Amino acid sequence: MAVERIVDARGSSDDGDMPDEQQKFENTLRPQRLSEYIGQESLKTSLQLAIDAAKQRNEPIDHVLLFGPPGLGKTTLAGVIANEMAANTKKKGEEQKPNFKVASGPGISRPGDLASVLTSLQDGDVLFIDEIHRLSRQVEETLYSAMEDYVIDIMIGKGPAVRSVRLSLPRFTLIGATTRAGALANPLRDRFGLVYRLEYYSEPHIKEIITRSSRILDLTITDEAATMLSSRARLTPRIANRLLKRVRDYAELNNNGKIDVAIAEQSLELLQIDRLGLDIADRSLLRTILDHYGERPVGIKTLAALTGDEASTIEDYYEPYLMQIGFLERTPRGRVVTGRAKKHLG
Ligand code: ADE
């Protein structure tokens, strides 16, 4: 499969702001086919059905919207969908595989940028737009006719000479990813035939991912150590793989590369990652609320001002997991730290 990163994704909250080395590491661990993808069982069942039906009709799969917290595998899944659609697709006796093109919402700033992305596609290609909720209104509106009728109208010329030209597009599949489905305009959301929410993984699934990654990286890890890491990875594959990488470094320097539970424990302690996988930033967010507000609600803007983070960083990165484990609640009057969190912090 040809993978082309066509639009610079700087400023992205997902893969885009990742250093190259980190990106490379993740890419080696990404599953390529649905059968290798661990977890998200009901999503996979529904997706497999949609893929099989589209292939039987010899059509591209419907546009797909993936939403959910960062690190759960939206980009990975988009690549898997492209691979599944590419598998066994032969046109006119030739091997011709669809391309997987990756763009990001903030990277496509003008309708002209979108036009050049769309016109570079071929029949059956998959275009992945990460952080699709960050597209400008103008670009979003250009996307409507592209998704629905495979045409776009672009304006050519300036002033009184301006005219609109209609371009027809190949039959492509758009896969949009967002951390917040609520931030998407209704007309855009309605144009996706398949909408999936990625859920946090179970600990056994995270353990399977750690075991799989260890196998790919040729690491020696005990079952107990894999269990331990899986309990501290915030139910998130990206975090699980990052922890594994850190623990590998520590094990290489201290235990001839062998990862056992004592080595795992020591390296997590060094990283200040606690029993539930919370790091310094998570604990500091909870402590800030408790120090200033106790168990009373605090508004997101006030909280952002207190911690010095962007409100969207708190909403997208910190809150989802803290809410998942019952440490933080969102009420109409603001965020509230729970008694459980208080007990954990001591
Ligand atoms: N690596 C990251 N996410 C994964 C998943 N869901 N299954 C297998 N490996 C993964």
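Residues numbered from 1 in each chain as written. Predicted model: local features only at pLDDT ≥ 70, side-chain atom pairs only at ≥ 80, totals over all residues. Heavy atoms only, no water.

Asks: Would you mind going over the overall build of the chain with me for this structure?
Replies: When its secondary structure is counted, the chain shows 14 helices and 14 strands. Its C-alpha atoms put the chain at 65 × 50 × 35 Å along the principal axes. Counting every position in the chain, which comprises 346 residues, the buried fraction comes to 51%. Look at the contacts in the chain between residues 6 or more apart in sequence, and 71% of them connect residues 24 or more apart. (Helix = DSSP H or I, 4+ residues; strand = E, 2+ residues; numbered from the N terminus. Buried < 20%, exposed > 50% of the residue type's maximum accessible area, 1.4 Å probe, protein only. Contact = heavy atoms within 4.5 Å.)

Asks: Help me understand the site of the ligand in this model?
Replies: Taken together, L29, P31, E36, Y37, I38, Y201, I209, R212, P237 and N241 are the residues near the ligand. Within the backbone of I38, one N or O atom sits 2.8 Å away from a nitrogen atom of the ligand. In the model, a nitrogen atom of the ligand is placed 3.3 Å from a nitrogen or oxygen of the Y201 side chain. For the shell around the ligand, the secondary-structure elements that each account for two or more residues are α7 (203–216) and α9 (237–254). Along the lines of polarity and charge, the residues of the shell around the ligand split into seven nonpolar, one polar and two charged. (Near = heavy atom within 4 Å. Polar contact = N/O pair within 3.5 Å; in protein donor to acceptor, adjacent residues only side chain to side chain. Nonpolar A, V, L, I, M, F, W, Y, C, P; charged D, E, K, R; others polar.)

Asks: What's the story with the packing of helix α8 (residues 223–230) against helix α10 (residues 261–270) in this structure? I'm lost.
Replies: If you want to describe how two helices pack, look at the angle between their axes and the distance between the axes. Relative to each other, α8 and α10 sit at 30°, their axes nearing to 8 Å. Classed by the angle they form, the pair α8 and α10 counts as roughly parallel. Contacts from E224, A225, M228 and L229 of α8 reach α10 at V261, A264, E265 and L268. The class makeup of the residues in the contact of α8 with α10 is six nonpolar, no polar and two charged. (Axes fitted to C-alpha atoms, helices over the stretch in contact; angles between N-to-C directions. Parallel < 35°, antiparallel > 145°, perpendicular 65-115°, else oblique.)

Asks: Explain unusual backbone geometry to me, please; I cannot follow it from the model alone.
Replies: Peptide bonds are trans in most cases, and residues, glycine excluded, mostly fall at negative phi. The phi dihedral of Y150 is positive, around 55°, even though this residue is not glycine. Topologically, Y150 is positioned in the loop between α5 (137–149) and β7 (151–156). Backbone geometry at D218 places phi at a positive 60°, although glycine is not the residue there. Accessibility expressed as a relative area gives 69% for D218, which makes it exposed.

Asks: So what exactly am I meant to see when it comes to helix α11 (residues 280–293) here?
Replies: In an α-helix, one turn spans 3.6 residues; hence positions three or four apart end up facing the same way. An ideal rise of 1.5 Å per residue puts 20 Å on 14 residues; α11 measures up with 20 Å between its terminal C-alpha atoms. Burial in α11 covers these residues: D282, R283, L285, L286, T288, I289 and L290. Capping of α11 at its N-terminal end is provided by D279; its side-chain oxygen lies 3.1 Å from the backbone amide nitrogen of A281. Of the residues one or two after α11, G294 is the one with positive phi, at around 60°. (Expected span 1.5 Å × (residues − 1).)

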